[in-house]
Amino acid sequence: INAEYAALERIMKGEIPVVEKVRDLTSVSLFLSSTFADTTVERNYLTDFVFPYLTQKCREFGLEFSFVDLRWGVRDESTSDHMTADICLGELERCMRKSVAASFVFLSSQRYGWRALPRVVSHVEMEALLKKIDSYQGEEEKEAKTTIQQWYVKNENVIPPIYILQSIPQMEIKTNVKYNKFWDDSRSGKPGAQSVMQKTIWKAVRESGGELSSDTWMISVTEREVLKGLLKLEGGFKLSCLCMMRTLVGLEEAVENEDREIAEAKDEEDRNRLYSKQLARVYGTPLEEDQKLLTELRERVK
């Protein structure tokens, strides 16, 4: 009886036990992880040639083959609700449970990927972050704290409480919020809430001495996939993961040449023309911190 009461109490606190489905050993499901813009050719080749071949070979062994390429399939509504990372990790977990063979393919190039704000943050982590930001005296940090408190709302209906990032449409209608737009406005040059929050959050995490979680605030969606699909995999590493890393020689020099041409443009029309022709920048991570994080990730994978 005591055990039953304890189980009931855990359920009332929101601790719902996960019941694992019996593993289906008749399919091979691959999750394809990479940044998008710089691996378009590779992803297209896999989709057009490699995966059809694997489909045929799997059928010969009585297996069903499927793959997940999230260049397509993430609805705008999910992006507006900050569900992109959750969807990616959910699909990856499904492939890992379902696949009898490899389940994770990582294509690493020279871009680090989008660093999304977390949709859910523990109350301990959030309150530690706000306390750290309070130690700064600048107006920029004060404005960032206000923006964080407006976009992240505490939910005390779960134990322990959590903070939830509000949906983009929900915030856009709030005229009393200074940064009610999430994304930067390239036309006006006005930063969005994401940029305002991340600049100060990243500063606070870097200067926290490990008190704040870099995995929560700093890393890209792509690295989250790698952490789940490759670095935290229990057993069967060679069987379950495929990793390919590409380095383009001379990329940094090519980026510098493109940037110099744009800086020396005759007029706005010429500058826009050069922007539209940029190629090297598509293949390289522009931010120094992103380059550092990418280098660390690739070293961990090796």
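See above for the structure.
As the structure is a computational prediction, the values presented were derived from the model and not from experiment. (Residues numbered from 1 in each chain as written. Predicted model: local features only at pLDDT ≥ 70, side-chain atom pairs only at ≥ 80, totals over all residues. Heavy atoms only, no water.)

1. Details of the packing of helix 5 (residues 123-134) against helix 8 (residues 193-206)
Part 1: At their nearest, the axes of helix 5 and helix 8 sit 10 Å apart, and the two run at 90° to each other. Our classification of the angle between helix 5 and helix 8 gives roughly perpendicular. Of the residues in helix 8, those in contact with Leu-129, Lys-132 and Ile-133 of helix 5 are Thr-200, Ile-201 and Ala-204.
Part 2: A breakdown of the residues in the contact of helix 5 with helix 8 according to their chemical character gives four nonpolar, one polar and one charged. (Axes fitted to C-alpha atoms, helices over the stretch in contact; angles between N-to-C directions. Helix = DSSP H or I, 4+ residues; strand = E, 2+ residues; numbered from the N terminus. Parallel < 35°, antiparallel > 145°, perpendicular 65-115°, else oblique. Contact = heavy atoms within 4.5 Å. Nonpolar A, V, L, I, M, F, W, Y, C, P; charged D, E, K, R; others polar.)

2. Things to note about the side chain of Ser-109
Part 1: Mapped onto the secondary structure, Ser-109 falls in the loop between strand 3 (104-108) and strand 4 (120-122).
Part 2: Judged by its relative accessible area of 2%, Ser-109 falls in the buried class.
Part 3: With residues up to four places along the chain from it excluded, the contact list for Ser-109 reads Thr-35, Asp-38, Thr-39, Arg-246, Leu-294 and Arg-298. (Buried < 20%, exposed > 50% of the residue type's maximum accessible area, 1.4 Å probe, protein only.)

3. Topic: helix 4 (residues 84-98)
Part 1: Along its 15 residues, helix 4 runs 21 Å from first to last C-alpha, staying within 8% of the 21 Å computed at 1.5 Å per residue.
Part 2: For helix 4, the set of buried residues is Thr-84, Ala-85, Cys-88, Leu-92 and Cys-95. Each buried residue of helix 4 lies within a common arc of 100° when the element is viewed along its axis, so the set occupies one face. (Expected span 1.5 Å × (residues − 1). Arc of directions from axis to C-beta.)

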